[in-house]
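Residues per chain are reported as follows:
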Number of protein chains: 2
Amino acid sequence: MSKPQSKDLKHLLSQEAVSRNNSPLKSAFRYFKQPGMTFLGGGLPLADYFPFDKITADVPTPGFANGIGAQITDADKTVIEIYKRAAKNKEENKDIELARSLQYGFTEGQPEITDFLKTHTDMIHKVPYADWDLIASVGNTESWDATLRTFVTRGDSILVEEYSFSSALETVQAQGVNTIPVQMDEYGLIPEALSSLLDQWVGPKPKLLYTICTGQNPTGSCLSIERRKAIYALAVKHDFIIVEDEPYYFLQMEPYTTDKASRGGKHVHSHEEFISALVPSFLSLDVEGRVIRLDSFSKVLAPGLRFGWIVGQATLLERFVRLHEVSIQCPSGVTQSLTNGLLQRWGQSGYLDWLIGLRAEYTHKRDVAIDAVAQYFPQDVVTFVPPVAGMFFTTTIDASKHPKFKEFGEDPLKVETAIYEQGIKQGCLMIPGSWFKSEGKSDPPQKELPENSSHKTHIFFRGTYAAVPLDALEHGLEKFGKAIKIEYGLE
Amino acid sequence: MSKPQSKDLKHLLSQEAVSRNNSPLKSAFRYFKQPGMTFLGGGLPLADYFPFDKITADVPTPGFANGIGAQITDADKTVIEIYKRAAKNKEENKDIELARSLQYGFTEGQPEITDFLKTHTDMIHKVPYADWDLIASVGNTESWDATLRTFVTRGDSILVEEYSFSSALETVQAQGVNTIPVQMDEYGLIPEALSSLLDQWVGPKPKLLYTICTGQNPTGSCLSIERRKAIYALAVKHDFIIVEDEPYYFLQMEPYTTDKASRGGKHVHSHEEFISALVPSFLSLDVEGRVIRLDSFSKVLAPGLRFGWIVGQATLLERFVRLHEVSIQCPSGVTQSLTNGLLQRWGQSGYLDWLIGLRAEYTHKRDVAIDAVAQYFPQDVVTFVPPVAGMFFTTTIDASKHPKFKEFGEDPLKVETAIYEQGIKQGCLMIPGSWFKSEGKSDPPQKELPENSSHKTHIFFRGTYAAVPLDALEHGLEKFGKAIKIEYGLE
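The model shown is predicted, which means the values in this text are computed figures rather than measured ones.

Rules of the game
- Residues numbered from 1 in each chain as written.
- Chains lettered and ligands numbered in written order.
- Predicted model: local features only at pLDDT ≥ 70, side-chain atom pairs only at ≥ 80, totals over all residues.
- Heavy atoms only, no water.
- Helix = DSSP H or I, 4+ residues; strand = E, 2+ residues; numbered from the N terminus.
- Rg over C-alpha atoms; globule rule 2.2 N^0.38 Å.
- Buried < 20%, exposed > 50% of the residue type's maximum accessible area, 1.4 Å probe, protein only.
- Areas by Shrake-Rupley, 256 points an atom, 1.4 Å probe, with all protein chains shown as cover.
- Lys, Arg positive; Asp, Glu negative; His and termini not counted.
- Charge placed at Lys NZ, Arg CZ, Asp CG, Glu CD.
- Phe/Tyr/Trp six-rings, centres within 6.5 Å; stacked < 30°, edge-to-face > 60°.
- Lys NZ or Arg CZ within 6 Å of the ring centre and 35° of its normal.
- 1 Å grid on protein atoms, 1.4 Å probe; cavity = no way out; pocket = protein on both sides within 12 Å on 5 of 7 lines; lining within 4 Å.
- Points joined across faces, edges and corners; volume = space filled by probe spheres on them.
- Nonpolar A, V, L, I, M, F, W, Y, C, P; charged D, E, K, R; others polar.
- Salt bridge = Lys/Arg side-chain N within 4 Å of Asp/Glu carboxyl O.
- Domains from an automatic or database assignment.
- Contact = heavy atoms within 4.5 Å.
- Buried area = accessible area lost by both parts, 1.4 Å probe.
- Polar contact = N/O pair within 3.5 Å; in protein donor to acceptor, adjacent residues only side chain to side chain.
- Core = buried A, V, L, I, M, F, W, Y, C linked by side-chain atoms within 4.5 Å.
- Least-squares fit on C-alpha atoms with pLDDT ≥ 70 in both.
- Pairing = 2+ DSSP bridges.
- Axes fitted to C-alpha atoms, helices over the stretch in contact; angles between N-to-C directions.
- Expected span 1.5 Å × (residues − 1).

**Things to note about the overall build of chain A**
Part 1: When helices and strands are tallied, chain A shows 13 helices and 17 strands.
Part 2: Compactness check: chain A gives a C-alpha radius of gyration of 24 Å against a globular reference of 23 Å for 491 residues, within 12% of the reference.
Part 3: The principal-axis extent of the C-alpha atoms belonging to chain A is close to 85 × 60 × 45 Å.
Part 4: Among the 491 residues that make up chain A, the fraction classed as buried is 64%.
Part 5: Within the structure as shown, chain A displays about 17,300 Å² of accessible surface, and the carbon and sulfur contribution to it stands at 53%.
Part 6: Between the mean site of the 51 positive side-chain charges and the mean site of the 62 negative ones, chain A shows a separation of 3 Å.

In structure tokens:
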């Protein structure tokens, strides 16, 4: 059965994306490799002058029997060797020689690595339309900046989660774009809130929705398939792009259980089990080509690789490539040669082994964090939903029960500040939820949903189980629990 | 004698740069390394999960006795080894461990590499004011994009060279910014043309001048110190920023001579000789802090490193850093660890040896190209100025002498197209000069200088001696010479 083609959405492009011209120089480059042609058209240095003759990397060998965090030993070490000239590379059909990766070119990303990622993407997301594509970026922060430049113009509005990653919001605001917060609960965006917001909308509609739908930052929530379907239907109805920023997608975990004995047995084993346990992405629902998916190695391999990729319909991605040609050009060639070297040696199967290993690690870290929150935080003022994805957990605190709530003029933010500062005093820092609050105007102003009235009495803090070793994590949460108890006169 | 402080130029910032807020999250990060603090504030993955345990690179050892393009042998090979943990690194005080370079952070660039570049910059440019600084970028294309976002807003005007790098011009135009061409001759920008343009200016003045002043793209010209001084004085008078885009700065060469016997003896030998032979940069004249210098490893090490740096006054660079935090974040950590590893092992002295080697290579390539142009191009219709910097040479052709000039309606561009196509037919591609023509409006419209009246009768082609080996270069130019001769009925 052949897949449908995407819908024409060029009317959603920004003024900048529309006005970007192709360089006449590009027309000359079609003669670059023509036999018999002496091409004196481009300022490319000779690869002879690249001082790097060979680079290597030591990486672990699948299936990572001792866990993905174990120190590599000689027994499980794979050595990647990339030479300047392809002829010397052992896997010459799959490796990217330095003479190419260290040269200009391939704004879309080197074909070996983007081909690997396309196969991976189709395996995971089974993209339901035909003309999808994938291009490289230097990470999701840059992908998001490029997405804004491609779709919005100063004065436009976009939809964002009520609480969202503050750097992502700053990117928008500095570009003079209005952010409309969409209400959410502990399970993420509320489709009914989005629907009523858009039904009443006056003036030009928002061009896109920005969502970190899996392991949301800051709330740690994971949007259910039912909500994703409802929101996708709204995107079709109201003609907007969904930008799913998904660095945490593969940090999905086993559901939390207090039954410690049953924990070990629950990890997924086969690749099929692993893939089917993942929450379906917006991309996997996208029959029209109106999802822009931002993916990255930052959370699954390493942030400093500065390699991300953008998935979407080819026609729209072409505008991203034109932007990248006159901005980042492409990710680092050293990053590409080494990361591709790793992926080619691991294969699709070994990469899934790695992601399964990551799932086990994060499940364990999450369990330790939630166990500690349950043990050390005062349960009469604190509630929490154990996250099933991402690096973050949140603890919601009833500010109205704080002894000074009246004295604080019933302002929950004052309680938040008091707890934050007491946390620092006790030696543990978690981030106040209000720091992530989206600001923006909608016309007409939104009505607060009944579910959201808790804002007047409740606050939350974002913590992470990602960044610290397990013993420090538990001890830190004990200290933060103590800070809350002190504030509430419970200690 | 202490250096002066820079002038306050914040009034020249763009709407975007002014409106960019600092993240509240940054205020929390000052507790990141505080002793006794459990920092649960950031979504940083553990370095244990970075799959790269060690990376290495084979590079040549200074002083590059066989030339910088020679194949590395065991005798002159230096092996750089960078481990995940600093304790294993042999030069632990100078190397950047992977646990740091592959992590988030250091938007300004890793301190080891930026410190090296600051020392290098002061050695070469002797920056005449106190509060200058240097930050990393992912190459000059991105640096230029970031510079525009920092200084100009849709509707603003900037000054550009009459012929300029077409990608750089596209970057400007897509941002809705007007480019005012400043007239140039075979020696670059003409200060008198800029002066008269600005003296008659109506309305808000241009905020910056973009110039590729050394080894100009496309003309190959190199701006003299006298013209640089005159232009800097105009920048002070008319209050604009000078952006010097200088990827070719270290591709300065010996003056061309037809006396082949004397060529070998002229190469610079000592570091002092080398530095004093360089044309002074705008940065070296900048007493007020109004120069933004864009530098890069692309032409001196390899483009695929995607590492550039921006030099300017600290107050202005702070706005670039805020932009980079929400766009590129930082250059690839693999690039930084390996390039820094190379620079630390070479040292400032070894790096100068490399640059001196580069000067010798490009001098030789330029000589071969110019010899071939002199030999194969018909001298009665072609003129040229041998370049002293960069990758490009241009040949100016008298279109009015073309047999079909009248038939072409005296349109020199028709002659240009005919020669371009004949070149392709003969098997050599050079780029028509008109492809680099800047477009833009000034009020009042500029008067053409008498020097520039040749536009009505003369065209030029840009070639490069960088990208092809010497034998192909000579043969290619023979073919292009033949193309011109055919067009002019001389063959």
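**A word on the packing of aromatic side chains**
Part 1: Here the structure, examined in full by the defined rule, presents 44 aromatic pairs over all chains.
Part 2: When the ring of Phe29(B) is compared with that of Phe39(B), the centres are 5.0 Å apart and the planes differ by 55°; the resulting orientation is tilted. Here the residue Phe29(B) occupies a position in the loop between helix H2 (24-28) and strand S1 (38-39), and Phe39(B) occupies one in strand S1, the gap between them amounting to 10 residues.
Part 3: Classification of Phe29(B) by relative accessible area gives partly exposed; the value is 33%.
Part 4: Among the aromatic residues, those joined into a cluster by ring pairs are Phe116(A), Phe297(A), Phe307(A), Trp309(A) and Tyr351(A).
Part 5: In this structure, Arg228(B) is placed above the aromatic ring of Phe282(B), and the distance from its NZ or CZ to the ring centre is 5.8 Å.
Part 6: The ring of Tyr163(B) is capped by Lys437(B), whose NZ or CZ atom sits 5.4 Å from the centre of that ring.

**Things to note about empty space enclosed by the protein**
Part 1: If you walk through the whole model with that rule in mind, you get 9 cavities of 30 Å³ or more.
Part 2: Estimates place the volume of the largest cavity at around 100 Å³.
Part 3: Residue lining of the largest cavity: 14 residues in total, with Asp145(A), Arg149(A), Asp145(B), Arg149(B) and Ser327(B) positioned closest to the centre.
Part 4: Among the secondary structure elements, those contributing two or more residues to the lining of the largest cavity are helix H5 (140-151) of chain A together with helix H5 (140-151) of chain B.
Part 5: Class assignment of the residues belonging to the lining of the largest cavity gives a composition of 6 nonpolar, 2 polar and 6 charged.

**Topic: unusual backbone geometry**
Residues and elements named next belong to chain B.
Part 1: Geometrically, the link from Pro 62 to Gly 63 is a cis peptide bond, its omega value of -5° lying close to zero.
Part 2: Among the structural elements, Gly 63 can be located in the loop between strand S2 (54-60) and strand S3 (77-83).
Part 3: Residues Asn 217 and Pro 218 are joined by a peptide bond in cis, for which omega reads 20°.
Part 4: Within the secondary structure layout, Pro 218 lies in the loop between strand S9 (208-211) and helix H8 (225-238).
Part 5: Its identity is not glycine, yet Phe 64 carries a phi of approximately 60°, on the positive side.

**A short note on the pattern of salt bridges**
Residue and element names in this part refer to chain A.
Part 1: For the coordinates displayed, the defined rule picks out 63 salt bridges over all chains.
Part 2: For the salt bridge of Lys 118 with Asp 133, the shortest nitrogen-to-oxygen distance reads 3.2 Å. In this pair, Lys 118 is assigned in helix H4 (residues 111-125) and Asp 133 in strand S4 (residues 132-137), connecting sequence segments 15 residues apart.
Part 3: In this structure, the salt-bridge partner of Arg 290 is Glu 288, at a minimum N-O distance of 2.8 Å. You'll find Arg 290 and Glu 288 in the same group, each marked buried.
Part 4: One network of salt bridges, in which partners are shared, links Lys 26, Glu 318, Arg 319, Arg 322 and Glu 325.

**Details of the domain arrangement of chain A**
Residues and elements named next belong to chain A.
Part 1: Annotation of chain A at the domain level lists domain 1 (99-357) and domain 2 (362-487).
Part 2: One C-alpha centre belongs to domain 1, the other to domain 2, and the line joining them spans 26 Å.
Part 3: Counting residues at the interface gives 42 residues for domain 1 and 35 residues for domain 2.
Part 4: Here domain 1 meets domain 2 over a buried area of about 3,400 Å², counting both sides, of which 57% is carbon and sulfur.

**With respect to the interface of chain B and chain A**
Part 1: Contact residues are listed per partner, giving 110 residues for chain B and 110 residues for chain A.
Part 2: Regarding the contact of chain B and chain A, the summed buried area is about 8,900 Å², with carbon and sulfur atoms giving 61% of it.
Part 3: Linking chain B with chain A are 2 salt bridges, by the criterion used here.
Part 4: Here Arg149(B) ties to Asp145(A) by a salt bridge, and the two come within 2.8 Å at their closest N and O atoms.
Part 5: Scanning the region where chain B abuts chain A turns up 37 residue pairs in polar contact (both at pLDDT 80 or more).
Part 6: A total of 12 residues in the side of chain B that touches chain A trace back to one element, the largest contributor, which is helix H11 (residues 333-376) of chain B.
Part 7: Taken together, the residues that form the side of chain B that touches chain A break down as 57 nonpolar, 34 polar and 19 charged.

**Looking at the nonpolar core**
Generally speaking, soluble globular proteins have nonpolar side chains that are buried together.
Part 1: Grouped together as the largest cluster of nonpolar side chains are 302 residues, with contacts concentrated most on Phe297(A) and Phe297(B).
Part 2: Non-local contacts of Phe297(B), meaning those with residues more than four positions away in its chain, are made with Ile113(B), Leu117(B), Ala302(B), Leu305(B), Phe307(B), Trp309(B), Thr339(B), Leu343(B) and Tyr351(B).

**Remarks on the relation of the copies chain B and chain A**
Part 1: For these two chains of identical sequence, chain B goes onto chain A by a turn of 180° and a shift of 0.0 Å along the axis, with RMSD 0.0 Å. These values place the two chain copies in the arrangement generated by a two-fold rotation axis. It is Thr56(B) whose C-alpha, among those of chain B, lies nearest the rotation axis, at 2.5 Å.
Part 2: Take the interface residues of chain B: 100% of them recur as interface residues in chain A, which is what a same-surface contact looks like.

**What about the side chain of Arg290(A)?**
All names here are of chain A.
Part 1: Residue placement: Arg 290 occurs in the loop between helix H9 (271-277) and strand S11 (291-296).
Part 2: The buried category is assigned to Arg 290, whose relative accessible area is 1%.
Part 3: At a separation of 2.9 Å, a polar atom in the side chain of Arg 290 contacts the main-chain carbonyl oxygen of Phe 240.
Part 4: Setting aside residues no more than four positions away along its own chain, Arg 290 makes contact with Lys 7, Leu 9, Leu 12, Tyr 232, Ala 235, Val 236, Asp 239, Phe 240, Ile 241 and Ile 242.

**Points about the sheet that holds S4(A)**
Residues and elements named next belong to chain A.
Part 1: An order of S4-S12-S11-S10-S9-S5-S6 is seen for the 7 strands of this open sheet, with the pairing classed as mixed. Each having just a single partner strand, S4 and strand S6 (178-182) make up the two edges of the open sheet. Taking the axes of each pair of neighbouring strands and ignoring which way they run, one obtains an average angle of 20° across the sheet.
Part 2: Where strand S5 (residues 157-161) meets S6, 5 bridges bridge the pair, whose relative direction is parallel. By the bridge assignment, Val 160 is partnered in S6 with Pro 181.
Part 3: Strands S4, S5, strand S9 (208-211), strand S10 (241-245), S11 and strand S12 (308-313) of the sheet are contacted by H5, whose axis makes an angle of about 160° with S11.

**Describing helix H7 (residues 191-199) of chain B**
Part 1: Buried residues of H7(B): Pro191(B), Ala193(B), Leu194(B), Ser195(B), Leu197(B) and Leu198(B), and no others.
Part 2: Buried residues belonging to H7(B) abut strand S5 (157-161), strand S6 (178-182), strand S8 (188-189) and H8 of chain B.

**Some words on H4(A)**
Residue and element names in this part refer to chain A.
Part 1: A rise of 1.5 Å per residue sets the reference length of H4, with its 15 residues, at 21 Å; its end C-alpha atoms lie 20 Å apart and thus fit the reference within 8%.
Part 2: Those residues of H4 that fall on the buried side of the exposure criterion are Glu 112, Ile 113, Thr 114, Phe 116, Leu 117, His 120, Thr 121, Ile 124 and His 125.
Part 3: Within two residues after H4, Lys 126 carries a phi angle of roughly 45°, on the positive side.

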